[in-house]
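# Examining the three-dimensional arrangement
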Amino acid sequence: ISIGTELDSPLVTVAVSKSPIGPLDLSGFLEQTQNGIDFSGNLSADTVEWSNVKKWYDESFPLADDRQNDRFWNVPVSAEIKLVVDSFIHNNLTWQALKASVDITPAKITFDPIKARLCDIETGGRITFRPQKVDLAVKQMAQAQPLDQTLGCLWRQASLMSGRFNYEGYIQGNGRLNAIE
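What comes next is a walk through the structure.

### Quick notes on the nonpolar core
- In this structure, Val102 and Phe129 are the most contacted members of the largest nonpolar core, which totals 29 residues.
- Looking at this core, the elements that each hand over two or more residues are strand S2 (11-16), strand S4 (36-49), helix H1 (50-60), strand S5 (77-90), strand S6 (93-104) and strand S7 (109-118).
- With near-sequence residues (within four places) excluded, Phe129 lies in contact with Trp50, Phe72, Ala107, Lys108, Ile109, Phe111, Val134, Leu177 and Ile180.

### Focus: the side chain of Asp135
- Here Asp135 lies in strand S9 (residues 134-146).
- Reaching out from Asp135, the side chain makes a polar contact with the side chain of Arg130 at a distance of 2.6 Å.
- In contact with Asp135, other than residues within four places in its own chain, are Arg126, Ile127, Thr128, Arg130, Gly173 and Asn174.

### Focus: the pattern of salt bridges
- If you walk through the whole model with that rule in mind, you get four salt bridges.
- A salt bridge links Arg130 to Asp135; its shortest N-O distance comes to 2.6 Å.
- A salt bridge links Lys139 to Glu168, with the shortest nitrogen-to-oxygen separation between them at 3.9 Å. Of the two residues, Lys139 sits in strand S9 while Glu168 sits in strand S10 (residues 164-175), which places them 29 residues apart along the sequence.
- Of the residues examined, Lys139 reaches a relative accessible area of 35% and is grouped as partly exposed.
- Connected through salt bridges with shared partners, the residues Arg130, Lys133 and Asp135 form a single ionic network.

Parameters and conventions
- Residues numbered from 1 in each chain as written.
- Predicted model: local features only at pLDDT ≥ 70, side-chain atom pairs only at ≥ 80, totals over all residues.
- Heavy atoms only, no water.
- Core = buried A, V, L, I, M, F, W, Y, C linked by side-chain atoms within 4.5 Å.
- Buried < 20%, exposed > 50% of the residue type's maximum accessible area, 1.4 Å probe, protein only.
- Helix = DSSP H or I, 4+ residues; strand = E, 2+ residues; numbered from the N terminus.
- Contact = heavy atoms within 4.5 Å.
- Polar contact = N/O pair within 3.5 Å; in protein donor to acceptor, adjacent residues only side chain to side chain.
- Salt bridge = Lys/Arg side-chain N within 4 Å of Asp/Glu carboxyl O.

Here you go:
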């Protein structure tokens, strides 16, 4: 871990070469307010795997889905972070160029708007995590994309189809956090 601060300034920079979710860089401003501690800044990473995030979450908040608590933590810490991740991996799928504004409070963590590419399908939307549930609203769109390449990317095998396709879809839902694998 490398941490730097400016004298007489709330500027903080952190480079973490090894964290539960992988290497990352964090920079921004930290300040004490009437409501607690506020952070505003940027977080970037080359690759983030959902399995590592889930493992960290389960270890950090072991009873989050079962408790009747409406907060992740009781310390008055909040943050607004611009997130940039080159690759986000969930199961066998990889989203490229993920960007999001992340609003973090003890009661919820919201990624809005999210922008990324999944197998050349533009993906955008909002995901809100609460201690007991997650809400999801995502829009996907593709224009004149090569069908064989996209299907091969999504299913990790050669496609028997060729041509180009247009696609527009919406996914909306909610559920318990422990249901996300």
